Amino acid sequence: MSAGGAEGAASSAETAASNSPLLIERHTDRVIIRLNRPEVRNAIDQNMADALHEVCAELEADPKVAILTGSNGVFAAGADIGQLRNRGREEALAGINSKVFTRIQELPMPTIALVEGFALGGGAELAFACDFRIGTPTTKIGNPEAGLGILAAAGAAWRLRELVGEPRAKEILLAGRTLQADEAKSIGLLNDVVDPEDLELAGEALADRIASFAPLAVRLSKSAFHAPREAHPLIDNVAQAVLFETEEKYARMDAFLAKREAKKRKKAGAVATEAIDEQPVPGTEQPVPGTEQKGDTE
């Protein structure tokens, strides 16, 4: 655990029973959510969707940064095919996965997906719903749903175009292309690629950075970012009006100005000291040429 997560440590680092679809660690400024169906490569089933809804309700009531990660070197290899095989029209219209992924995207504070190994189908769509994605060299991300006679209906059909543009999105969705880590990073689908042993540290470091900012400013920035184009600039002005009146805005700006003033004083002091150091020691001055006094014998 990084300093930022551990300092506040945590009201509780709660771990669910080993048979729970999610293992959850709760800290003062973040929640770590670990997908926990390693026997099926963290395939997303109804129980996991229900558990994700529960943790979303918690994060809506008490906004914190959320880190989503997999287990045993896999993020999520997809939705549970056994369940998908038996779902019909009514289950499709219910939007079982799409609803929870939309809820994750709309969480008040940023979400970070740590994408190691496979992130396919529903697993990829879960990662797409997060604000940041960090992978490892083993990351493989894509949407092969058409090969199973279905489509990527939990967000990829529209989120992916927003993330990587239409040509790449069509390669992934219509031609079933799976991206390796380096290519996914090169097109912006992954924010970074790190060694597997550094993956959680990278997620914690990003969470630390986010946590160092004013929480309400981060929340309103995320809300404004995801607002439809026609809501701007009104939403920006209203959000700014709220932030301009907060005590935290005054405290942070006062601290910034005080720090800048201290730097100016320090720099001015250094210049003055340098100027003094350049003054000749009395008695060692060199005479100006042509003003030397001649001796009596000359």
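Placed above this text is the structure.
Below is a short write-up of the structure. (Residues numbered from 1 in each chain as written. Predicted model: local features only at pLDDT ≥ 70, side-chain atom pairs only at ≥ 80, totals over all residues. Heavy atoms only, no water.)

**A short note on the overall build of the chain**
Per the secondary structure count, the chain includes 13 helices and nine strands. Among the 298 residues that make up the chain, the fraction classed as buried is 38%. Excluding contacts between residues fewer than 6 apart, the proportion of contacts in the chain whose partners are at least 24 apart in sequence is 65%. Total accessible area on the chain is roughly 17,100 Å²; 56% of this is exposed by carbon and sulfur atoms. (Helix = DSSP H or I, 4+ residues; strand = E, 2+ residues; numbered from the N terminus. Buried < 20%, exposed > 50% of the residue type's maximum accessible area, 1.4 Å probe, protein only. Contact = heavy atoms within 4.5 Å. Areas by Shrake-Rupley, 256 points an atom, 1.4 Å probe, with all protein chains shown as cover.)

**Examining the pattern of salt bridges**
Pairing is possible between side chains that carry opposite charge, provided their charged atoms lie close to one another. The final tally for this structure, using the stated rule, is 17 salt bridges. Lys222 is paired through a salt bridge with Asp131; the nearest N and O atoms lie 2.8 Å apart. Remark: Asp131 occurs in the loop between α6 (122–128) and β6 (132–135) and Lys222 occurs in helix α11 (residues 215–226); sequence separation between them is 91 residues. Classification of Lys222 by relative accessible area gives buried; the value is 10%. The exposure class assigned to Asp131 is partly exposed, which follows from its relative accessible area of 21%. Linking Asp192 and Lys185 is a salt bridge whose minimum nitrogen-to-oxygen distance equals 3.5 Å. A relative accessible area of 39% places Lys185 in the partly exposed class. (Salt bridge = Lys/Arg side-chain N within 4 Å of Asp/Glu carboxyl O.)

**With respect to the packing of helix α2 (residues 46–61) against helix α5 (residues 96–105)**
When two helices pack together, you describe them by how their axes are tilted relative to each other and by the distance separating the axes. The geometry of α2 relative to α5 is characterised by a closest axis approach of 10 Å and an angle of 25 degrees between their N-to-C directions. Here α5 runs roughly parallel to α2, going by the angle between their axes. Here α2 runs over α5; the crossing is left-handed. For the pair α2 and α5, the contacting residues are Gln46, Ala49, Leu52, His53, Cys56, Ala57 and Glu60 in the first and Ile96, Asn97, Lys99, Val100, Arg103 and Ile104 in the second. When the residues that make up the contact of α2 with α5 are grouped by side-chain class, the tally is seven nonpolar, three polar and three charged. (Axes fitted to C-alpha atoms, helices over the stretch in contact; angles between N-to-C directions. Parallel < 35°, antiparallel > 145°, perpendicular 65-115°, else oblique. Left-handed = near helix turned anticlockwise from the far one by under 90°. Nonpolar A, V, L, I, M, F, W, Y, C, P; charged D, E, K, R; others polar.)

**Comments concerning the packing of aromatic side chains**
Using the criterion set out here, one finds zero aromatic pairs in the structure. Looking at Arg41, its charged tip hangs above the ring of Phe118, at a distance of 5.0 Å from the centre. Taking the ring centre of Phe244 as reference, the NZ or CZ of Lys249 above it sits at 4.9 Å. (Phe/Tyr/Trp six-rings, centres within 6.5 Å; stacked < 30°, edge-to-face > 60°. Lys NZ or Arg CZ within 6 Å of the ring centre and 35° of its normal.)

**Let's talk about the pairing of strand β2 (residues 30–35)**
Most of β2 is tucked away, with six of its six residues classed as buried. Across the two faces of β2 the burial is the same, with Arg30, Ile32 and Arg34 and Val31, Ile33 and Leu35 all buried. Direction of pairing for strand β1 (residues 22–26) relative to β2: antiparallel, over a ladder of five bridges. The residue bridging Glu25 from the neighbouring strand is Ile32, located in β2. Connecting the antiparallel pair β1 and β2 is a turn made up of three residues. Where β2 and strand β3 (residues 65–69) come together, five bridges link them in parallel fashion. (Pairing = 2+ DSSP bridges.)

**Remarks on the pairing of strand β4 (residues 111–115)**
Taken residue by residue, a regular strand's side chains alternate between the two faces of the sheet. Most of β4 is tucked away, with five of its five residues classed as buried. Neither face of β4 is left uncovered, since the one carrying Thr111, Ala113 and Val115 and the one carrying Ile112 and Leu114 both have all their residues buried. For β3 and β4, the ladder comprises four bridges, and the chain directions are parallel. Following the sheet pairing, Ile67 is matched in β4 by Ile112. Strand direction decides the pairing type here: β4 and β6, joined by four bridges, are parallel. Bridging from a neighbouring strand, Ile112 pairs with Phe132 of β6.

**Some points on the sheet that holds strand β5 (residues 118–120)**
As summarised here, the arrangement of the three strands in space is β5-β7-β8, forming an open sheet in which the pairing is mixed. Because the sheet does not close on itself, it has two edges, and the strands there are β5 and β8 (179–180). In this structure, β5 lies alongside strand β7 (residues 140–142), joined through three bridges in parallel fashion. Note that in β7 the partner of Phe118 across the bridge is Lys140.

**Concerning unusual backbone geometry**
Omega for the bond connecting His232 with Pro233 falls within 30 degrees of zero, at 5 degrees, which places this linkage in the cis form. Despite not being glycine, Asn42 shows a phi value in the positive range, around 60 degrees. Position of Asn42 among the secondary structure elements: in the loop between β2 and α2. Not every positive phi belongs to a glycine, and Asn72 is a case in point at roughly 55 degrees. Residue classification places Asn72 among the exposed positions, given a relative accessible area of 68%.

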